[in-house]
Amino acid sequence: MERSLNYGGTDDLILEATELRLGLPGSDGHEKQSPATANHVMRNNKRAAPQGMSEEPRFKRISNESDIASNGDPDCEPPAKAQVVGWPPIRSYRRNSFQQKKSTDQDDGAGMYVKVSMDGAPYLRKVDLKFYKSYPDLLKALENMFKFAVGEYSEREGYNGSDFAPTYEDKDGDWMLVGDVPWDMFVSSCKRLRIMKGSEARGLGCL
Amino acid sequence: MNYFPDEVLEHVFDFVASHRDRNAVSLVCRLWHRVERLSRQRVFVGNCYALSPEILIARFPGLKSLTLKGKPHFADFNLVPHDWGGYVQPWIEALSNSRIGLEELRLKRMVVSDESLELLSRSFANFKSLVLVSCEGFTTVGLAAIAANCRFLRELDLQENEIDDHSGHWLSCFPDSCTSLISLNFALPLETLQNILMRAPQLVDLGTGSYIHDPDSETYNKLKHTILKCKSIRNLSGFLEVAPRCLPAIYPICLNLTSLNLSYAAGIHGSELVKLIRRCAKLQRLWILDCIGDKGLEVVASTCKELQELRVFPSDVLGVGHAAVTENGLVAISAGCPKLHSLLYFCQQMTNAALIVVAKNCPNFIRFRLCILEPTKPDPVTMQPLDDGFGAIVQSCKHLRRLSLSGLLTDRVFLYIGMYAEQLEMLSVAFAGDSDKGMLYVLNGCKKLRKLEIRDCPYGDKALLTDVGKYETMRSLWMSSCEVTLGGCKTLAKEMPRLNVEIINEHDQMEIGSEEQRVEKMYLYRTLVGPRKDAPEFVWTL
């Protein structure tokens, strides 16, 4: 069915404005009619706010950034970077998978809760690295948890006098001996712990 | 044509494949309508509430493949309440009670229960293909029924569904030899990946789940060897957790890959991504995260000359952070990938100049979806709205069917769209325009418009009511956080009885119900079957 183009009131949009050239805007020296900037008044949310409205702040149409020549237009407030519902438009499935990734990243990067495995143990445990103040603190806790003893640490020989060696995986994915670096550096780079046992552990001691 | 026996007509119609064309064929005359409908095997229903299962079954007794879509698109972004509707159960029940030999079911944004999946798995002996995209309501129990009962299953494609239980045990319900299985597109946990690959070495599409951290482990080595045997894999996705050093396991199949989805692999840094992509010269489809950066996109542009579809997703959704990709990455892609026709691009900023260049480089866009992360952001160089940039896109891309806008936009961009976007079927608008004129330009100008979805724009009753007949030519219209009022919607519903005008009312506003009250969410669609009977309390069909 025929429908006529009904632009009704094109006085504020002169025909030349509809001419598209593949060139940069404004390059024809033609006076650009005042763009949306000054006209972008903050939308007032004159909406009857019902009881029990969700906490999400209403998104207000952002007027252009304050450095636009809005001539001190009092209606133009600095943009409110509120969390907008449904923006950016990605599926919840994807959004949730990022949030999970973020929280595991935070765990690993900040060295908070990390997994601890012990060779031969049926299941892993988790410890909060932030809970401990120093290596002896942590090692004692691990000893209690898994019922073993680590032996004496020395920089030269690692852990002496024991079948066990505490190791950790750092941010680069390498397995390091616990105790070599300053405690704070350890906490921030430790992703997981592994108590090595037997020949592997003794091998470390003989380096 | 009346001189030809039906069989000849049917044979001719066999060459007419697309839904649109077949629909057109069926309108020519009664004879053609009858021959067409009796021979039609594939049916696409874009809105499950536009008709009933009974109508479908009566018209197409030879149905083998059904595509059904349920919730409105913005439901993907949490704008539609949970129990709005879109249940597949009535469809599966009706189909299973009929003589239809269903072989393929493709669902998008529908509620699928375990009961539905079980019924499906038991009802159709020749069932071959199940595709679920952005669906919810089922668990691995339902999937186990499919795996166990559908003996001829060739394709199981699960994308971005909300599945309640993620245990992999249901995968063991597949028979020992899945020689029919060609496509398994979902996150397969590593242990089962091995297993499946051995049972179905002819797999073409493969999704991976959690990956491994340690390249020296035995699992990794086993995987490496198994992958070497899967020369047929063309489509790879997943990598939810992966240590970059383990990526080399898939290098052997990179050269054959035509489709790669790394958009969940937040653990892979730009440089590793680039190393991987350099090996994938035959890629036609790439889904990636913006941490690849503009530089990474330049590598894509120089390597993937066959690229047709690119999606760049944001890796940091919680904040507007570091500059991940900008207009420069897009310009590079447009210059290097001449076959590009589908784009979804989330970026920090865009300029008119860049869009004009992209329009010149790629006049073949069919889908162009640009999302500038900060709403109403102008061109950062000129501080102008992006009207001219998008205008260049619609003027240059004469086959454009889908467009999503973002950034600072005035009514002018809609004038351009109305004038130039002659093939446009779907338009998504957010935080744009100045007045009702914007919406009117589009409704008047885009003759092929089928879906229009608008949020947070200043369009009111005048825009809504100026041309009510238009909506019967469209599948649906969504408007949320605009200026339409209850009175306006009521008027529309009264004038157009063959539309369902639904008001989604989450806060019991309608009890107060004054005609001037703004409607928060309105969804209208054409239908043959009147108001739906499964609408929840908070949905009011006017």
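Throughout, residues of each chain are indexed from 1 in the direction in which the sequence is written. Key to labels: chains lettered from A, ligands numbered from 1, both in the order written. Reporting of local features is limited, given that this is a predicted model, to residues whose pLDDT is at least 70; pairs of side-chain atoms are given and counted only at 80 or more, and all residues count toward the totals for whole chains, interfaces and linings. As a convention, hydrogens and water are excluded, and side-chain values are obtained from all of the structure's heavy atoms.

Comments concerning the packing of helix α5 (residues 89-97) of chain B against helix α6 (residues 114-123) of chain B
Residues and elements named next belong to chain B. Contact pair α5 / α6: the axes reach a minimum separation of 10 Å and the direction vectors enclose 20°. Classed by the angle they form, the pair α5 and α6 counts as roughly parallel. In this structure, α5 meets α6 at a crossing whose hand is left-handed. The segment α5 lies against α6, with Q89, I92, E93 and S96 engaging E115, S116, L119, L120 and S123. Gly counts as polar in this scheme, as do all residues outside two lists: the nonpolar Ala, Val, Leu, Ile, Met, Phe, Trp, Tyr, Cys and Pro, and the charged Asp, Glu, Lys and Arg. Partitioned by chemical class, the residues of the contact of α5 with α6 number three nonpolar, four polar and two charged. The axes used here are C-alpha line fits, helices contributing only the stretch in contact, and every angle between their N-to-C directions lies in the interval 0 to 180 degrees. Each helix is a run of H or I in the DSSP string that is no shorter than four residues. Each strand is a run of E no shorter than two, and both are numbered from the N terminus. Roughly parallel means an angle under 35 degrees; roughly antiparallel, over 145; roughly perpendicular, 65 to 115; everything else is oblique. Left-handed describes a crossing whose near helix is turned anticlockwise from the far helix through less than a right angle; right-handed describes the clockwise counterpart. Contacts are assigned to residue pairs that have any heavy atoms within 4.5 Å of one another.

Concerning the pattern of salt bridges
Within this document, salt bridges are pairs made up of a side-chain nitrogen of Lys or Arg and a carboxyl oxygen of Asp or Glu, the two lying within 4 Å of each other. Inspection of the entire model under this criterion finds 26 salt bridges over all chains. Taking the shortest distance from any N to any O, the salt bridge between D119 of chain A and R194 of chain A comes out at 3.1 Å. Of this pair, D119 of chain A sits in the loop between β1 (113-118) and β2 (125-128) while R194 of chain A sits in strand β7 (residues 192-197), and the two are 75 residues apart along the sequence. Taking the relative accessible area as the measure of exposure, R194 of chain A reaches 21% and is therefore partly exposed. When the shortest N-O distance is used, the salt bridge between R109 of chain B and D76 of chain B registers 2.7 Å. Remark: D76 of chain B occurs in the loop between β2 (65-69) and α5 and R109 of chain B occurs in the loop between β3 (104-108) and α6; sequence separation between them is 33 residues. Judged by its relative accessible area of 5%, R109 of chain B falls in the buried class. For every residue, the accessible area (1.4 Å probe, protein chains only) is compared with the maximum for its type, and the residue is labelled buried under 20%, exposed over 50%, or partly exposed between those bounds.

Concerning the nonpolar core
Counting residues in each nonpolar core, the largest one holds 101 residues, and the members touching the most others are F368 and I417 of chain B. Non-local contacts of I417 of chain B, meaning those with residues more than four positions away in its chain, are made with V394, L403, L405, L424, L427, V442 and C446 of chain B. To form a nonpolar core, buried Ala, Val, Leu, Ile, Met, Phe, Trp, Tyr and Cys residues must be joined to one another through side-chain atoms within 4.5 Å.

Notes on the UniProt feature "domain: Transport inhibitor response" (unreviewed entry) in chain B
UniProt positions are given in the numbering used here, feature names are shortened, and annotations may be inferred rather than shown by experiment. Per the UniProt record, "domain: Transport inhibitor response" (unreviewed entry) is found at residues 61-107 of chain B. The distance from the first to the last C-alpha atom of residues 61-107 of chain B is 20 Å, and the span holds 19% helix and 19% strand.

Here's the deal with helix α15 (residues 387-396) of chain B
All names here are of chain B. Within α15, nine of the 10 residues are buried, which leaves the element mostly enclosed by the surrounding structure. All of the buried residues along α15 are D387, D388, G389, F390, G391, A392, I393, V394 and S396. Buried residues along α15 sit in contact with α14 (352-361), β13 (367-372), β14 (402-404) and α16 (411-420).

Describing the UniProt feature "domain: COI1 F-box" (unreviewed entry) in chain B
As annotated in UniProt, the feature "domain: COI1 F-box" (unreviewed entry) corresponds to residues 4-41 of chain B in the numbering used here. The distance from the first to the last C-alpha atom of residues 4-41 of chain B is 22 Å, and the span holds 66% helix and 0% strand.

Concerning the packing of α15 of chain B against α16 of chain B
Residues and elements named next belong to chain B. The N-to-C vectors of α15 and α16 enclose an angle of 5°; their axes lie 9 Å apart at closest approach. Here α16 runs roughly parallel to α15, going by the angle between their axes. For the pair α15 and α16, contact is made by D387, D388, F390, G391, V394 and Q395 and by R412, V413, Y416, I417 and Y420, respectively. Considered class by class, the residues forming the contact of α15 with α16 number six nonpolar, two polar and three charged.

Looking at the packing of aromatic side chains
Pairing of aromatic side chains here covers Phe, Tyr and the six-membered ring of Trp, requires ring centres within 6.5 Å, and sorts the geometry by plane angle: under 30 degrees stacked, over 60 edge-to-face, intermediate tilted. Throughout the structure, instances matching the rule amount to 21 aromatic pairs over all chains. Ring centres of Y93 of chain A and Y264 of chain B lie 5.6 Å apart, and the angle between their planes is 85°; on these two criteria the pair is classed as edge-to-face. Taken as a pair, Y93 of chain A in helix α2 (residues 92-110) and Y264 of chain B in the loop between β9 (259-261) and α11 (270-277) lie in two separate chains rather than in one. Take Y93 of chain A: its relative accessible area is 23%, and that puts it in the partly exposed class. Judged by relative accessible area, which is 9%, Y264 of chain B ranks as buried.

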